[in-house]
Amino acid sequence: MSLQIPPTHPRAVSLRIRQTLIEGWKRDVVTEAGLIAHGRGEAFDYLLGESTTPPAANAIEAAASSLILASYPVISVNGNSAALAARELVQLASTSDAKLEVNLFHRTEKRMVKVAKLLREYGATEVLGLHYLRATIPGLDSPRGWADPNGIFVADVVLVPLEDGDRTVALRRLGKKVIAVDLNPLSRTSQAASITIVDNIVRAVPRLVSEVKRLKKKDAKAVRRLSESYDNRKTLAASIRLMLGRLRQLSETSSGE
Ligand code: PTJ
């Protein structure tokens, strides 16, 4: 039986997100490790103030421009991202002309099918990753390195929400532009990605959809400038400073109690 969350509960939004993940786990979309990963994400979200910060907004703008400029963008979908943002990821694929590929870290055929089914429920017409033929990303042990030969393997830009560090590093080594969504700015994924959106996927992906729609109306030179002037090191540092600032502020207001 699912938990009834009173809308007046001060943590209602966060509890609802948790509940969505638990439902995803019951449907075999989310793995047990995904529940643990979410707890880690929640802790960082607290430090960010549970809102899209200016550095995250900057990264989202750069990510949107990179998706628009890409020749073959692919969105990698795992259990957590499907459970939390399937509808918005399908919208993003459609607005940015990107492919959707199911690519799981804890890969089982059953979960691959369930994640693909969820994407189709939200209108995805083509879901890659389930193909019999597989390409292997060099540097990763099978099956973690499997990718669709018509998807991530040939993509120039790959969006990897909540990704594992090894895969991000391996994709970068293949020369791909990697856009990560990760609440932890210190993770290997965040550090290795070309663009790291330090934000909760439930806020980041809808904003990414709006940004792609907005920037598609701008002239190509302006979009290219946004993409080329972006600096991930600086943006990550700004996210970390923001967390530090909040901690400092909270430690000062809590002192003496
Ligand atoms: O579905 P699978 O089998 O592909 O597995 C998915 C998980 C997430 C279990 C797998 O990729 C994994 O183990 O990831 P990690 O290495 O735990 O990394 C997940 C990262 O996502 C961590 O840095 C978390 O802080 C971050 N994270 C967790 N929840 C969110 C998040 N980032 C953005 N939004 C969230 N809601």
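Residues numbered from 1 in each chain as written. Predicted model: local features only at pLDDT ≥ 70, side-chain atom pairs only at ≥ 80, totals over all residues. Heavy atoms only, no water.

## Observations regarding the site of the ligand
Here is step 1: Residues in close proximity to the ligand total 22 residues, the closest being R40, F105, H106, R111 and D182.
Here is step 2: In the model, an oxygen atom of the ligand is placed 3.2 Å from a nitrogen or oxygen of the L162 main chain.
Here is step 3: At 3.0 Å, a backbone N or O of I201 approaches a nitrogen atom of the ligand.
Here is step 4: Looking at the shell around the ligand, the elements with two or more residues in it are α2 (32-48) and α4 (79-95).
Here is step 5: Broken down by class, the residue content of the shell around the ligand amounts to 8 nonpolar, 9 polar and 5 charged. (Near = heavy atom within 4 Å. Polar contact = N/O pair within 3.5 Å; in protein donor to acceptor, adjacent residues only side chain to side chain. Helix = DSSP H or I, 4+ residues; strand = E, 2+ residues; numbered from the N terminus. Nonpolar A, V, L, I, M, F, W, Y, C, P; charged D, E, K, R; others polar.)

## Examining the nonpolar core
Here is step 1: Core analysis: the largest hydrophobic core is formed by 48 residues, its most contacted members being I75, L92, I197 and L208.
Here is step 2: If one sorts the elements of this core by residue count, α4 sits on top with 9 residues.
Here is step 3: Among residues more than four places away in sequence, those in contact with I75 are L89, L92, A93, A98, K99, L100, E101 and L159.
Here is step 4: Residues V160, A170, V178 and A180 belong to the second largest nonpolar core, which totals 13 residues. (Core = buried A, V, L, I, M, F, W, Y, C linked by side-chain atoms within 4.5 Å. Buried < 20%, exposed > 50% of the residue type's maximum accessible area, 1.4 Å probe, protein only. Contact = heavy atoms within 4.5 Å.)

## Examining the pairing of strand β1 (residues 73-77)
Here is step 1: Summarising burial for β1: 5 of the 5 residues are buried, a large majority.
Here is step 2: Alternating residues of β1 divide into P73, I75 and V77 and V74 and S76, and every residue in both groups is buried.
Here is step 3: Pairing of β1 with strand β6 (residues 157-161) involves 3 bridges; the strand directions are parallel. Considered in β6, the bridge of P73 is made with V157. (Pairing = 2+ DSSP bridges.)

The analysis is restricted to geometry; functional conclusions fall outside its scope.
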